[in-house]
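Architecture and fold: a report
For reference, the chains in residue letters:
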Amino acid sequence: MKNKKPKSAIIIGSGLGGLSTALRLSTEGYDVTVIEKHSKPGGRLNQLKLDGFTFDVGPSFMSMSWELEELFKSNGLKNPIQLEELDPLYQVYFEGENKPYRIWKTLHNLEEEFKDIEPNLAAKVEKYLSRAGEFFHDTEDKVVKSNYANVVDYILKLTRVPLKHLPYLFRNMWSEVEKNFESEQVRVIFSLVAFFLGSTPFHTPAIYSLLNYTEMKHDGYWKVKGGMYKIVEELMKILESRGVKFVFNTEIVGVANSNGKLNSLLDRNGKTWSADIFISNSDAASFRGQILGRKKFTEQKLDNMDWTLAPFTIY
Ligand SMILES: Cc1cc2nc3c(=O)[nH]c(=O)nc-3n(C[C@H](O)[C@H](O)[C@H](O)COP(=O)(O)OP(=O)(O)OC[C@H]3O[C@@H](n4cnc5c(N)ncnc54)[C@H](O)[C@@H]3O)c2cc1C
């Protein structure tokens, strides 16, 4: 039998999305090349070394940790990342108050923390989270983890969600927390998840209380032993051992098409890159406009859209 030449794949970007796609494609037998415009991998999950200290920049903790487990397991690997569960999950400071509130996953600790301002908090949280948890489990496979080909596809998938959850779609996060809690502080704390989405509790539908459920009940938050960048380092070790090629300091700026099919990529230095398949890990909207030249995504049109907030974090 003749040996078949493996199919080749080029991935634009070495963020977590690019690295995990490289892992999955290498398992499928592809000859993979990752092209990254910066000098090191990781994208937004990155690291800063300064004066003998090492800082994670970008993400600081993980939720839904089973997804990380799945990534390694489905590629025939043992998960090399060690996680430690956080409890308290985080602290919240209010202007003008001299002590922060610790947000405990353990409910009796949480009740104790807020006993002066919100009596019986454990029972209230149980009720709130059991409603959010029901919604999460009724939608996880049908909606949350689904791909949508278009708006009609999205609406069709929504129709598979039990009708009892309909009110969640028409209420915002703020009215949901107002219904369940009395103190301003607890309401603010439970609606903070809206900011993860780059929105506000007044503009975010109550369905996102499912994030309260994932953080406080289902899986919680986990820190990575050795820092978040360890995930990138471990993935790089595996990918390099599998022969995945990395090209840094190289920005893709254009494409060449023929008969509506993408044939090759063009980098900033004028070099062309060919492969059987191409995957972009770059921001989808700007990639469609700047690289694919789609008229719906010109810079002017993107500037006129409402974009979510980016967090500004000081360490
Ligand atoms: C401050 C901050 C805090 C966060 N906190 C958390 C957290 O606690 N928990 C959590 O789960 N998530 C958190 N996130 C979100 C998380 O970091 C991102 O969702 C995730 O890292 C995105 O990965 P990605 O692979 O999709 O994209 P990116 O990391 O953006 O990777 C895209 C890569 O493509 C490269 N690229 C783009 N265009 C080109 C081109 N034309 N040519 C070549 N290369 C290109 C980029 O340089 C980049 O390396 C946080 C994000 C930020 C910014």
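Residues numbered from 1 in each chain as written. Predicted model: local features only at pLDDT ≥ 70, side-chain atom pairs only at ≥ 80, totals over all residues. Heavy atoms only, no water.

**Section: helix α10 (residues 210–218)**
Across the nine residues of α10, seven count as buried, placing the element largely inside the fold. Here α10 has its buried residues at L210, L211, N212, Y213, T214, E215 and M216. Taken from the residues just after α10, G220 is the one with a positive phi, measuring 80°. (Buried < 20%, exposed > 50% of the residue type's maximum accessible area, 1.4 Å probe, protein only. Helix = DSSP H or I, 4+ residues; strand = E, 2+ residues; numbered from the N terminus.)

**Considering the site of the ligand**
Within the structure, the ligand sits among 25 residues, and G17, E36, R44, F61 and N281 are positioned closest to it. Within the backbone of G17, a nitrogen or oxygen atom sits 2.7 Å from an oxygen atom of the ligand. Burial of the ligand by the protein amounts to 71% of the accessible area it has alone, namely 1000 Å². Grouping the constituent residues of the shell around the ligand by class yields eight nonpolar, 13 polar and four charged. (Near = heavy atom within 4 Å. Polar contact = N/O pair within 3.5 Å; in protein donor to acceptor, adjacent residues only side chain to side chain. Areas by Shrake-Rupley, 256 points an atom, 1.4 Å probe, with all protein chains shown as cover. Nonpolar A, V, L, I, M, F, W, Y, C, P; charged D, E, K, R; others polar.)

**Some words on the packing of aromatic side chains**
Evaluated as defined, the whole model comprises 12 aromatic pairs. When the centroid spacing of 4.1 Å and the interplanar angle of 20° are considered together, the rings of F61 and Y221 count as stacked. On the criterion of sequence distance, the pair formed by F61 in the loop between β4 (53–57) and α2 (66–73) and Y221 in the loop between α10 and β8 (222–224) is long-range, its members being 160 residues apart. Connected via pairs of aromatic rings, a cluster forms that spans F61, Y90 and Y221. (Phe/Tyr/Trp six-rings, centres within 6.5 Å; stacked < 30°, edge-to-face > 60°.)

**Observations regarding helix α11 (residues 229–241)**
If you check α11, its first and last C-alpha atoms are 19 Å apart, about what 13 residues at 1.5 Å a residue would give, namely 18 Å. The set of residues buried in α11 consists of Y229, I231, V232, E234, L235, M236, I238 and L239. Where α11 is buried, its residues meet α1 (16–27), β3 (46–50), β4, α2, β8 and β9 (245–247). Once α11 finishes, G243 follows within two positions and takes phi at roughly 85°, a positive value. (Expected span 1.5 Å × (residues − 1). Contact = heavy atoms within 4.5 Å.)

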